[in-house]
Protein chains: 2
Amino acid sequence: MDKDLVIGIDVGGQTSKCGIVDARGTVLAQTVIRSDETDKPEEFVASLAEALNHIIVDAGAEGRIRGIGVGAPNGNYYTGTIESAPNLKWGHDKVELAKMLSQQMNGIPVSLTNDANAAAVGEMTYGAARGMKNFIMITLGTGVGSGIVINGEVVYGHDGFAGELGHTCAVRHNGRVCGCGKTGCLEAYCSATGVARTAREWLEMTDEPSELRSLDKITSKDVYDAAKDGDKLAIKIFDYTGRILGEKLADFIEFSAPEAIVLFGGLARSKEFLTEPILNAMNANVLPLWRNKVKLVYSSLKESDAAILGASALAWEL
Amino acid sequence: MDKDLVIGIDVGGQTSKCGIVDARGTVLAQTVIRSDETDKPEEFVASLAEALNHIIVDAGAEGRIRGIGVGAPNGNYYTGTIESAPNLKWGHDKVELAKMLSQQMNGIPVSLTNDANAAAVGEMTYGAARGMKNFIMITLGTGVGSGIVINGEVVYGHDGFAGELGHTCAVRHNGRVCGCGKTGCLEAYCSATGVARTAREWLEMTDEPSELRSLDKITSKDVYDAAKDGDKLAIKIFDYTGRILGEKLADFIEFSAPEAIVLFGGLARSKEFLTEPILNAMNANVLPLWRNKVKLVYSSLKESDAAILGASALAWEL
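Quantities reported herein were computed from a predicted structural model and do not represent experimental measurements.

Q: Looking at this model, I keep getting lost on the environment of N106(B). Mind explaining?
A: Mapped onto the elements, N106(B) comes out in the loop between α2 (97–104) and β8 (110–113). Once the C-alpha coordinates of N106(B) and E62(B) are considered, the two residues, 44 residues apart in sequence, prove to be 12 Å apart.

Q: What is the right way to read the packing of aromatic side chains from this model?
A: How two aromatic rings sit relative to each other is given by the distance of their centres and the angle of their planes. Residues and elements named next belong to chain B. What the rule picks out here adds up to 19 aromatic pairs over all chains. Ring plane angle 15° and centroid distance 4.3 Å describe the contact between F44 and W90, whose orientation is recorded as stacked. Placement of the pair is F44 in helix α1 (residues 41–58) and W90 in the loop between β6 (81–83) and β7 (94–95), with a sequence separation of 46 residues. With respect to class, F44 is no different from W90; both count as buried.

Q: Please explain the sheet that holds strand β13 (residues 295–298) of chain B as it appears in this structure.
A: Two modes of strand pairing occur in sheets, parallel and antiparallel, and in both the strands are linked by backbone hydrogen bonds. Residue and element names in this part refer to chain B. If you trace the five strands from one edge of the open sheet to the other, you get β11-β10-β9-β12-β13, paired in mixed fashion. Where the open sheet ends on each side, the last strands, each with one partner, are β11 (153–154) and β13. Here strand β12 (residues 260–264) runs beside β13; their pairing, made up of four bridges, is parallel. Across the sheet, residue A260 finds its bridge partner in β13, namely K295. Running at roughly 50° to strand β10 (residues 144–150), helix α3 (residues 115–126) makes contact with β9 (135–140), β10, β11 and β12 of the sheet.

Q: Hey, could you run me through the environment of D229(A) in this one?
A: Assignment of secondary structure puts D229(A) in the loop between α6 (220–228) and α7 (232–256). Separated by 18 residues in sequence, D229(A) and E211(A) have C-alpha atoms that sit 9.0 Å apart.

Q: For this particular structure, what's the right way to read the confidence of the model for chain A?
A: Taken over all residues, the pLDDT of chain A has a mean of 95, while the share at 70 or more is 100%. Interface confidence for the predicted complex, expressed as ipTM, amounts to 0.93; the pTM equals 0.94.

Q: Looking at this structure, I do not really get the state of the cysteines. What am I missing?
A: Should the sulfur atoms of two cysteines be covalently bonded, the bond is a disulfide. For the structure on display, the rule yields zero disulfides over all chains. Here C169(B) is not cross-linked by a disulfide; its sulfur's nearest cysteine counterpart is in C185(B), at 7.1 Å.

Q: Would you mind going over the pairing of strand β12 (residues 260–264) of chain A with me for this structure?
A: The two faces of the sheet receive side chains in turn, since in a regular strand these alternate between them. Residues and elements named next belong to chain A. Taken across its five residues, β12 has five buried, putting it largely inside the fold. Burial of β12 is two-sided: the residues A260, V262 and F264 facing one way and the residues I261 and L263 facing the other way are all buried. Note that strand β9 (residues 135–140) and β12 share five bridges and pair parallel. Residue pairing in the sheet places I136 in a bridge with I261 of β12. Note on the crossover from β12 through helix α8 (residues 271–285) to strand β13 (residues 295–298): the handedness is right-handed.

Calculation rules
Residues numbered from 1 in each chain as written. Chains lettered and ligands numbered in written order. Predicted model: local features only at pLDDT ≥ 70, side-chain atom pairs only at ≥ 80, totals over all residues. Heavy atoms only, no water. Helix = DSSP H or I, 4+ residues; strand = E, 2+ residues; numbered from the N terminus. Phe/Tyr/Trp six-rings, centres within 6.5 Å; stacked < 30°, edge-to-face > 60°. Buried < 20%, exposed > 50% of the residue type's maximum accessible area, 1.4 Å probe, protein only. Pairing = 2+ DSSP bridges. Contact = heavy atoms within 4.5 Å. Axes fitted to C-alpha atoms, helices over the stretch in contact; angles between N-to-C directions. pLDDT = per-residue confidence, 0-100. Disulfide = S-S within 2.5 Å. Right-handed = clockwise from strand over helix to strand, strands pointing away.

Here you go:
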């Protein structure tokens with residue numbers, strides 16, 4: 001039988017999602033394993049292989065797996081390794097995940113990259129960027145990730161780590177401290193945690209009335225719900241977030257002249273409040289030749305499948 | 001005889017330099033024509049073709065020209081056109097320069113791109129970026145141009161205009177008005193004109209003694225000469241210029257993870273005063289994984305040949 005299927009794995013801090021995917025992007029079978037039950041990479045890979053073999057049998061896919069794609073934090077495409085990933089319990093030092101997993105899976109080839117790059121490949125293969133050769137994927141989740149596609153290929157750079165747009169500088173002076181140790185990074189403002197931080201700062205600094213004042217701990221979802229209720233402060237928080245993101249998108253457009261910016265991730269669900277401020281700031285800050293010409297689109301992948309699809313799409317290139 | 005030679009043409013506002021180049025990067029013959037004696041593209045192309053035919057005969061290169069490469073402001077690689085170039089007297093609207101020149105030259109293929117992209121190809125083919133697959137060329141002249149190379153190829157983007165790093169935002173609030181109509185662009189600070197502007201502003205705003213005070217009209221060359229004399233204000237101007245450039249280079253590194261940044265152009269001659277502030281700001285602002293890892297190098301092409309070599313290198317790809 002033809003090797004007509006691939007496997008996609010999205011490695012996260014707490015869980016890893018795995019699925020078998022066909023050429024049309026249908027997830028035929030999927031499973032989830034814990035990522036945080038061991039600090040030994042070997043043990044994690046063994047449990048991953050066991051889970052994969054289960055779903056392969058379930059889906060009747062024995063002998064049909066062409067390759068395995070893995071999206072993982074700090075994943076390096078060139079070396080197939082995960083390097084010093086603070087969110088992975090077993091991710092200390094350098095883990096040769098692609099090699100180890102391929103060995104456990106009887107030599108099925110494994111391709112690995114960071115999660116945002118995987119999302120970009122997924123969007124190009126199955127989603128909103130189908131047919132596009134030049135676009136920039138921005139993932140707005142707990143952090144801000146990015147996958148840059150130029151001439152139909154993900155940009156990995158000299159060392160395999162290209163596309164860290166979440167750590168470009170959004171606020172030059174007195175910027176917020178970012179998790180990476182720098183200050184003023186885009187991620188410190190335009191991630192879900194950045195939005196929550198803006199809310200906390202503004203509630204403290206002003207007397208403006210807001211339903212957010214009644215909450216103990218504020219998440220970006222709370223800010224979204226408040227904005228939907230017409231809460232003015234919440235709407236202003238999204239205006240601010242969108243403006244900062246739009247200003248940086250203008251810089252990115254001047255770099256690679258993409259056809260579109262694709263937004264993905266939890267915070268992108270607040271698009272009804274983000275789109276206008278993003279577009280206004282992006283078009284006000286870009287050279288006239290690109291003004292109102294670069295599309296802003298949102299991921300079209302079903303959210304529950306997106307991570308698996310993104311990683312699986314990598315495997316078709318193997 | 002083999003078609004073993006190429007022609008490089010650097011189109012500038014006042015003059016256009018043309019040369020015949022062999023595979024080693026030796027300029028066998030060259031000439032210069034005026035670019036500003038006509039406002040009719042046809043007449044400019046006719047005088048260009050005439051000049052080329054002269055040097056072809058002089059160099060005994062009849063039948064040996066494989067292709068012609070042209071570097072020109074606002075040149076579009078995809079379409080071979082120059083679009084609304086304010087500095088070219090005949091550059092109004094869209095000029096199909098590649099097509100017109102090829103017709104005048106008996107069908108010799110012509111490739112065209114903007115001057116900074118041509119410089120990047122030249123540096124990769126003959127200069128400081130030989131053997132590099134990922135680097136960013138920044139040209140520090142009257143303006144700030146850029147040519148981005150990823151995986152050994154110049155990035156042209158969706159529309160052919162990628163790589164306008166001189167117009168990314170260096171100063172977000174109350175930034176200088178740039179020639180492009182935006183404010184705060186890198187070019188308004190880190191070009192030769194930007195340096196002169198900094199000098200004028202600082203002389204006006206402060207009482208600091210400086211030999212620059214005795215000059216009527218200040219150029220970046222004057223600032224350089226003063227810095228060489230130990231003038232403290234002049235040295236501070238280069239510190240400021242280098243810091244702003246270094247801060248933006250950190251952003252660019254986070255985009256494409258290049259092996260090196262290559263600096264070129266008139267202002268790059270002030271490297272003894274620029275290198276340290278650039279490197280300090282670049283390494284302070286980049287993610288730890290790239291800190292002190294990305295090289296800062298200067299063009300190694302002979303300045304008088306560089307423009308011709310850059311453009312000619314394009315022609316080898318034809």
